[in-house]
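Observations on the three-dimensional arrangement
The chain contents come next:
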Amino acid sequence: MTDRMVARLRPDELDELAEASYRRRRREDLARTFSSTRNPAPAPRRPLFLLATGAVAAVAAGAVVVSTGVLSGTPAGDTPPVAASSTPESTTGGTGASPATRIDARSFLLAAAATALREPAATGDYWYVRQRTTHPTAHLPEEFWTEARKLQLQEQAEVDRTGAEDDELVAINEKYNKKLENLRKSIQPDGPPYRAYIVESEERWRPKRIGGTHRVKSSDREVVFPSPQDEAKWKEEGSPKLAEDKPKSVDDNLPRPLSIPNMDITMQNVGDLPTSKKALAGRLRAQFAKLPDPHKEFDLYLWQTTVDLMTAPTTPGTRAAIFRILADQPGITSHGEVADATGRAGVGLAVESDDGYEFQLVVDEDTAELLEYSVAEKDEDTVRVTFEEFGWTDKLGRRPQR
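First, a word on what this report is: a plain description of the structure on this page. (Residues numbered from 1 in each chain as written. Predicted model: local features only at pLDDT ≥ 70, side-chain atom pairs only at ≥ 80, totals over all residues. Heavy atoms only, no water.)

Assigned secondary structure in the protein chain consists of 11 helices and nine strands. A separation of at least 24 residues holds for 74% of the contacts in the protein chain among residues at least 6 apart in sequence. About 16100 Å² of surface is accessible on the protein chain, with carbon and sulfur atoms providing 48% of the total. (Helix = DSSP H or I, 4+ residues; strand = E, 2+ residues; numbered from the N terminus. Contact = heavy atoms within 4.5 Å. Areas by Shrake-Rupley, 256 points an atom, 1.4 Å probe, with all protein chains shown as cover.)

The structure is reproduced here in structure tokens:
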């Protein structure tokens, strides 16, 4: 279940490889994507990019199964550590809310739409995002990786043979993910014997112009354990390596979509998205209808698309339209005032999937900016992505000027 949770959350670390497979069809590009099972080359896709350390490189889609070794079962017990600093704390995705701070979800979303419209439009040469991520990790034996490499070669051969494009690639990837999950379960049917999490910071610069340099810088990366007992069990197992090494900085000029469920949205056209609720909703509904998953849920597609667009250089009008679309969706609940992993106050909004996962957004009440999103199954394993800063800058490697 952890595999599916991470796949659905789709942090950037999981999206780059998929995007490269979508956009670059030549055999040599696919070969590079699959060049390493344990340490996929940074140039291919993802990690928040490009840095998919320890991830199994997927053929095609946003439903990539793993990130930095996350192919574990669903452990039980306490919730994972907060990614606020090098000293993690326990969290369930927020501080919770007292009755006094309870906020109606629809009312807040409509207010956030009005707030978004008041924000000034801006532009620049690079869109900058700094984020802090906490996600589970696990060690898998060599026999898993040997078989996983075989599966990768099979899927690459299928893509080459069929010449699959976009939606076909998504379907191929889903089949591949199921095979990987079954493989993992056959080797670790009860999941890993302990729980551990990777906590890391990343900065990303996306170029506005086609052919510009995309840069990712990583820092403060560490493995943490939610309890002394988990760390002790890890040591009993021989202290296996839980986080693959990855470069501190990676540059590339691959064309990268901003949203895997919406492959046609890019840095070049994201500012042209509709600014009316009706027009934007119609576009998203049409795109959702094209997705291949027979069990897809629109509210989860919309949730992921919201994350992608709220952390991209969309216009104030488009951001307002996103909030208004969300306000019309049934099933969104408010957790009231909560704190993100860095301690910033925001309003927690949540939706539950049919199979028991809760997806939460934390939105700043004053600015309508997305502070954090997370996904958890019944308050167990939680993946959290905290957006510490984003905005335009005119120079690669430089942070936005405030």
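Take the sheet that holds strand β3 (residues 214-224) next. Read across the sheet, nine strands follow the order β4-β3-β2-β1-β9-β8-β7-β6-β5 without closing on themselves; strand pairing throughout is antiparallel. The sheet is open, and its two borders are formed by β4 (249-252) and β5 (333-339), each paired with just one other strand. Taking the axes of each pair of neighbouring strands and ignoring which way they run, one obtains an average angle of 20° across the sheet. Taken together, the seven bridges between strand β7 (residues 357-363) and strand β8 (residues 370-377) define a ladder with antiparallel strand orientation. Looking across to β8, one finds that F359 is bridged to V375. On the sheet, helix α5 (residues 105-118) packs against β5, β6 (345-352) and β7 and is oriented at approximately 120° with respect to β6. (Pairing = 2+ DSSP bridges. Axes fitted to C-alpha atoms, helices over the stretch in contact; angles between N-to-C directions.)

The next subject is the environment of D354. Turning to its location among the elements, D354 is positioned in the loop between β6 and β7. Once the C-alpha coordinates of D354 and E297 are considered, the two residues, 57 residues apart in sequence, prove to be 8.4 Å apart.

Our next topic: the pattern of salt bridges. Counted under the stated rule, the structure contains 19 salt bridges. Note that E388 and R130 form a salt bridge whose closest N and O atoms lie 2.7 Å from each other. On the criterion of sequence distance, the pair formed by E388 in strand β9 (residues 382-393) and R130 in strand β1 (residues 126-137) is long-range, its members being 258 residues apart. Looking at E388, the relative accessible area reads 27%, which means it is partly exposed. (Salt bridge = Lys/Arg side-chain N within 4 Å of Asp/Glu carboxyl O. Buried < 20%, exposed > 50% of the residue type's maximum accessible area, 1.4 Å probe, protein only.)

What follows concerns unusual backbone geometry. The backbone phi angle of D220 is positive, close to 55°, even though this residue is not glycine. Position of D220 relative to the elements: it lies in strand β3.

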